[in-house]
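Coordinate analysis (summary)
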Amino acid sequence: MASHASPAKYGGVSGTLAFDRDTLTFTRMDGMLKKTMRVAVRIPLDAIVNVNMESSFLGRKKLVILTDSLKFPGIPRHEFEVPDPDQWVNVLQTGMYKITEEEMKEEVKIVKEREVIVKIPCRHCGTLNAITETACSKCGAPVK
Ligand SMILES: [Zn+2]
């Protein structure tokens, strides 16, 4: 599931909470007569460090999002009143897991590239030869 949206309340203000691929946005209605939609909060998925569901004394369920203050300056805790917090937790955690998976794949790729780059200079002519070679590709001297 790459996107999700539901009505929400943020800091007592009514609006819409929407997640699309890698960004979470809260849009609120502005203006008394002429209603306009305005983005009040925009949190990138990679700035989210934790997603949770909490219940208040009155039994109202809240979606609680904790953010990394380096990637998302400001308050690190965001509470949204949504009708389906459990589904929100599910959607956001799935997105967060995908990011972690992609980062891990990227790390593996970098390691592989480094392995390929490993070369040693020939002691006679200085030509760089792959570590797997036994003789220099230029002068034929034994490598190692
Ligand atoms: Zn050589």
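The coordinates are above.
Only a predicted model underlies this, so the values are computations on that prediction, with no experimental measurement involved.

Along the chain, the regular secondary structure elements total one helix and nine strands. Taken from the N to the C terminus, the helices and strands of the chain come in the order β-β-β-β-β-β-β-α-β-β. For a compact globule of 144 residues, the expected C-alpha radius of gyration is about 15 Å, and the chain comes in at 26 Å, more than 25% above that figure. Projected onto its principal axes, the C-alpha coordinates of the chain cover approximately 85 × 35 × 25 Å. Long-range pairs, those at least 24 residues apart, make up 28% of the contacts in the chain between residues at least 6 apart in sequence.

So, on to the nonpolar core. Ala8, Leu17, Phe19, Leu24, Phe26, Ile48, Leu63, Ile65, Phe80, Val82, Trp88 and Leu92 form the largest nonpolar core, which has 12 residues in total. Residue assignment for this core shows that the elements contributing at least two residues are strand E2 (13-20), strand E3 (23-30), strand E6 (61-67) and helix H1 (85-117). Setting aside residues up to four positions removed in sequence, Ile48 forms contacts with Ile43, Ile65, Thr67, Leu92 and Met96.

Where strand E1 (residues 3-10) lies against E2, eight bridges are found, and the strand directions are antiparallel. Along E2, the bridge assignment pairs Ala8 with Gly15. Following E1, the chain reverses through two residues before pairing antiparallel with E2; Gly11 in that reversal takes a positive phi of roughly 60°. Of the strand pairs in this sheet, E2 and E3 are connected by six bridges, and their pairing is antiparallel. Bridge pairing links Ala18 to Thr25 in E3. Hairpin connection between E2 and E3: a loop of two residues separates the two successive antiparallel strands, and Arg21 in this loop has a positive phi of roughly 60°.

What follows concerns the sheet that holds strand E7 (residues 77-81). The seven strands lie next to each other as E4-E3-E2-E1-E7-E6-E5, forming an open sheet whose pairing is antiparallel. Only two strands of the sheet have a single neighbouring strand rather than two, namely strand E4 (36-44) and strand E5 (48-55). Pairs of neighbouring strands in the sheet enclose a mean axial angle of 35°, with direction left out of account. Pairing of E1 with E7 involves two bridges; the strand directions are antiparallel. When the sheet's bridge partners are listed, Lys9 is paired in E7 with Glu81.

Mapped onto the elements, Ser55 comes out in strand E5. Taking the C-beta count within 10 Å as the criterion, Ser55 has 10 such neighbours and is therefore assigned exposed. For the pair formed by Ser55 and Thr67, sequence separation is 12 residues and the distance between their alpha carbons is 20 Å. Among residues more than four places away in sequence, those in contact with Ser55 are Arg60 and Lys61.

Of note in this structure, Arg21 is not a glycine but carries a positive phi near 60°. Along the chain, the position of Arg21 falls in the loop between E2 and E3.

Along E7, the buried face is formed by His78 and Phe80; none of Arg77, Glu79 and Glu81, which line the opposite face, is buried. Here E6 runs beside E7; their pairing, made up of five bridges, is antiparallel. Looking across to E7, one finds that Leu63 is bridged to Phe80.

The rules we used
Residues numbered from 1 in each chain as written. Predicted model: local features only at pLDDT ≥ 70, side-chain atom pairs only at ≥ 80, totals over all residues. Helix = DSSP H or I, 4+ residues; strand = E, 2+ residues; numbered from the N terminus. Rg over C-alpha atoms; globule rule 2.2 N^0.38 Å. Contact = placed C-beta atoms within 7 Å. Core = buried A, V, L, I, M, F, W, Y, C linked by C-beta atoms within 7 Å. Buried ≥ 20, exposed ≤ 12 C-beta atoms within 10 Å, placed from the backbone. Pairing = 2+ DSSP bridges. Axes fitted to C-alpha atoms, helices over the stretch in contact; angles between N-to-C directions.

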